[in-house]
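Descriptive structure summary
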Amino acid sequence: MAAIVLTRARNLAHLAYGLRYIRTQVASPLLSKENYDYDLVVIGGGSGGLACAKQAVQLGAKVAVLDFVKPSPQGTRWGLGGTCVNVGCIPKKLMHQASLLGEAIHDSQPYGWQFADPASVRHDWATLTESVQNHIKSVNWVTRVDLRDQKVEYINGLGYFRDAHTVVARMKNDTERELRTKHVVIAVGGRPRYPDIPGAVEHCITSDDIFSLPRAPGKTLLVGAGYIGLECAGFLKGLGYDVTVMVRSILLRGFDQQMATMIGDSMVEKGIRFHHKTRPLAVEKQADGRLLVRYETDGAESGTAEDTFDTVLFAIGRQAETGSLQLDKAGVVTADGGKSDKLDVDDESHRTNVENVYAVGDVLYRKPELTPVAIHAGRIIARRLFGGSSETMDYRDVATTVFTPLEYGCVGLSEEAAEAAHGKDNIEVYHAYYKPTEFFVPQRSVRYCYLKTVALREGDQRVLGLHFLGPAAGEVIQGFAAALKCGLTMKVLRNTVGIHPTVAEEFTRLAITKSSGLDPTPATCCS
């Protein structure tokens, strides 16, 4: 029996190889006839670009990937893999985990774990950054090996257009290499913005720098209240640093604002200071190396003030890395009539305004800036170009998580967006506070452990959005995201038996609506 299985496996492997060989032979005459060196050149070696390149090669295309990291203003550089691997999701999650472990160490004492001197527990920044960077370097290496094994040509050069079918790679030694290609995918992503104020670029850092910062950050100012700013503020506070967040307008723009407010309140409870309606005016380096920040506040407490910090981190948004591509040479026009730095693409094929030029990932205009989104879309582009697929990318109901100290996971519409789309009278919001079992010993605050489901009021009440604030939010929301894509209704949700005792089961126990005015606080963990 084993011999039969082995023979079948070998036959399937030979068949797969044969199909790939045939595709390659079909492609080769086309390349020579049209005088192209490649079927596809991908500009950008991040998640979306690499996924597209590898999928295209598996379908028989000849592919090259260009990737070059321009150092940050503070001189930080990194290897192949893009933002997520090097200065985004991966190091962020590792530092968030380090923060949670610190809290767990102190929580462990009531469970019977003993320390000779609990007060002596300290965190070492250098050890953390070394561990994080070692992991990143290993991923950089594996990524390069994977490209080599899959026959994707990797070029460590900065790409730009000479025309729609010609991409030039400028190498480290300033030499240039010209690549003729049938198709181009732009996957250059984005980099953090700096404000136009004195001292910002010279003395301050961004998320490009924090994960490899060679010194402990000390007293830190985070400017910006998007998810990057709040996540960095959260793990820095958890590691024991003095943290202040400067908020120009609102927290977590684009997210459900009730949940955003609760996140802010929970961070205040953790000891993080917030300056609302405030913007920095200038940053000056003092003789002792510390940074004096002058800032202005609007509203009831209007006026100017100043404070001194060891580190100032700007998280005020990101800009697409399209400025050096020389898009005009290819005829590519950026979004909003050329006013934006991002690219608009058609929803069906991800094509720009130029027939053979496509784009994917964070460089896209008004699309979710998330790694899994870029990966999925990149593969779809390759399958459409080289596999005969008609598949399209569905950008609706994409789940995400904000890794603040108390995590926030969500999928679907916010309460505000649901009201705008369907009318306030046509939606129902089910909500509840809850008490995680792991917060009972020791007694930890459960004031902000909260969830809600936004649904249509009619019929079986189709669910439009789910929002969860609490431990392991990302793990919780992922499963419910699949259910939402399948047409989840409140009737189905209420008929689902939860796993007890978990925090995820709280979605299956939702019974109180906002419109009822009833108290959504449970009496016990099993009520």
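So, here's what we can say about the structure. (Residues numbered from 1 in each chain as written. Predicted model: local features only at pLDDT ≥ 70, side-chain atom pairs only at ≥ 80, totals over all residues. Heavy atoms only, no water.)

1. A closer look at the overall build of the protein
Scanning the protein from N- to C-terminus turns up 14 helices and 21 strands. The principal-axis extent of the C-alpha atoms belonging to the protein is close to 75 × 65 × 55 Å. Put simply, of all contacts in the protein between residues at least 6 apart along the chain, 64% involve residues at least 24 apart. Approximately 25,300 Å² of the protein is accessible, and the part contributed by carbon and sulfur atoms is 53%. (Helix = DSSP H or I, 4+ residues; strand = E, 2+ residues; numbered from the N terminus. Contact = heavy atoms within 4.5 Å. Areas by Shrake-Rupley, 256 points an atom, 1.4 Å probe, with all protein chains shown as cover.)

2. A word on the side chain of serine 99
Position of serine 99 among the secondary structure elements: in helix 4 (residues 89–107). Note on serine 99: relative accessible area 10%, which makes it buried. Setting aside anything within four residues of it in sequence, one finds serine 99 in contact with Gly234, Phe235, Gly238 and Leu239. (Buried < 20%, exposed > 50% of the residue type's maximum accessible area, 1.4 Å probe, protein only.)

3. Some words on the pattern of salt bridges
Applying the stated criterion to the full structure yields 33 salt bridges. The salt bridge involving arginine 294 is made with glutamate 284; its shortest N-O contact spans 2.5 Å. Remark: glutamate 284 occurs in strand 11 (residues 278–285) and arginine 294 occurs in strand 12 (residues 291–297); sequence separation between them is 10 residues. A salt bridge links arginine 509 to glutamate 506, with the shortest nitrogen-to-oxygen separation between them at 3.8 Å. With a relative accessible area of 9%, glutamate 506 lands in the buried category. (Salt bridge = Lys/Arg side-chain N within 4 Å of Asp/Glu carboxyl O.)

4. Here's the deal with the pairing of strand 6 (residues 176–186)
A regular strand carries its side chains on alternate faces of the sheet. For strand 1 (residues 38–43) and strand 6, the ladder comprises 5 bridges, and the chain directions are parallel. From the neighbouring strand, valine 41 faces strand 6, where its bridge partner is valine 184. Here strand 5 (residues 166–170) pairs with strand 6 via 5 bridges, running antiparallel. Looking at strand 6, one finds that arginine 170 is bridged to glutamate 176. Hairpin connection from strand 5 to strand 6: 5 residues lie between these consecutive antiparallel strands, with aspartate 174 at a positive phi of about 70 degrees. Here strand 6 runs beside strand 16 (residues 357–359); their pairing, made up of 3 bridges, is parallel. Each bridged residue has a counterpart across the sheet, and for isoleucine 186 the counterpart in strand 16 is alanine 359. (Pairing = 2+ DSSP bridges.)

5. Details of the sheet that holds strand 10 (residues 273–275)
Spatially, the 4 strands line up as an open sheet ordered 10-9-8-14, and their pairing is parallel. Of all strands in the sheet, those bounded by a partner on one side alone are strand 10 and strand 14 (311–314). Taking each pair of neighbouring strands and ignoring which way they run, the sheet shows an average axis angle of 20 degrees. Where strand 8 (residues 220–223) and strand 9 (residues 243–246) come together, 4 bridges link them in parallel fashion. Directly across from leucine 221, in strand 9, lies its bridge partner threonine 244. (Axes fitted to C-alpha atoms, helices over the stretch in contact; angles between N-to-C directions.)

6. Quick notes on the packing of helix 4 against helix 8 (residues 227–238)
Here helix 4 crosses helix 8 at 35 degrees, and the two axes come no closer than 8 Å. Considering only the axes of helix 4 and helix 8, their crossing is left-handed. Residues Lys92, Met95, His96 and Ser99 of helix 4 form the contact with helix 8, whose participating residues are Glu231, Gly234, Phe235 and Gly238. (Left-handed = near helix turned anticlockwise from the far one by under 90°.)

7. What about the packing of aromatic side chains?
Aromatic rings in a pair are described by how distant their centres are and how their planes are angled relative to each other. Applying the stated rule across the entire model yields 8 aromatic pairs. Aromatic side chains tyrosine 434 and phenylalanine 468 sit 5.4 Å apart centroid to centroid with 25 degrees between the ring planes, which places their arrangement in the stacked category. Residue tyrosine 434 is found in the loop between strand 19 (427–433) and strand 20 (450–456), and its partner phenylalanine 468 is found in strand 21 (residues 463–469); the two are separated by 34 residues along the sequence. Since its relative accessible area comes to 0%, phenylalanine 468 is described here as buried. (Phe/Tyr/Trp six-rings, centres within 6.5 Å; stacked < 30°, edge-to-face > 60°.)

8. Considering a nonpolar patch on the surface
On the surface, Ile105, Tyr111, Trp113, Phe115 and Val441 cluster together into a nonpolar patch covering about 510 Å² of accessible area. With respect to the helices and strands, the residue valine 441 is situated in the loop between strand 19 and strand 20. Residue classification places valine 441 among the partly exposed positions, given a relative accessible area of 36%. (Patch = residues over 30% accessible without salt bridge, like charges linked within 9 Å, V, L, I, M, F, W, Y side chains within 5 Å.)

9. Examining unusual backbone geometry
At the junction of valine 441 and proline 442, the peptide bond is cis and its omega measures out at -5 degrees in the coordinates. Following histidine 500, the chain continues to proline 501 via a peptide bond in cis, the omega torsion being -5 degrees. Of note, proline 501 is situated in the segment after helix 14 (490–494). The phi dihedral of arginine 366 falls on the positive side, at around 55 degrees, and the residue is not glycine. One can find arginine 366 in the loop between strand 16 and helix 11 (371–386). On the basis of relative accessibility, which here comes to 73%, the residue arginine 366 falls in the exposed class.

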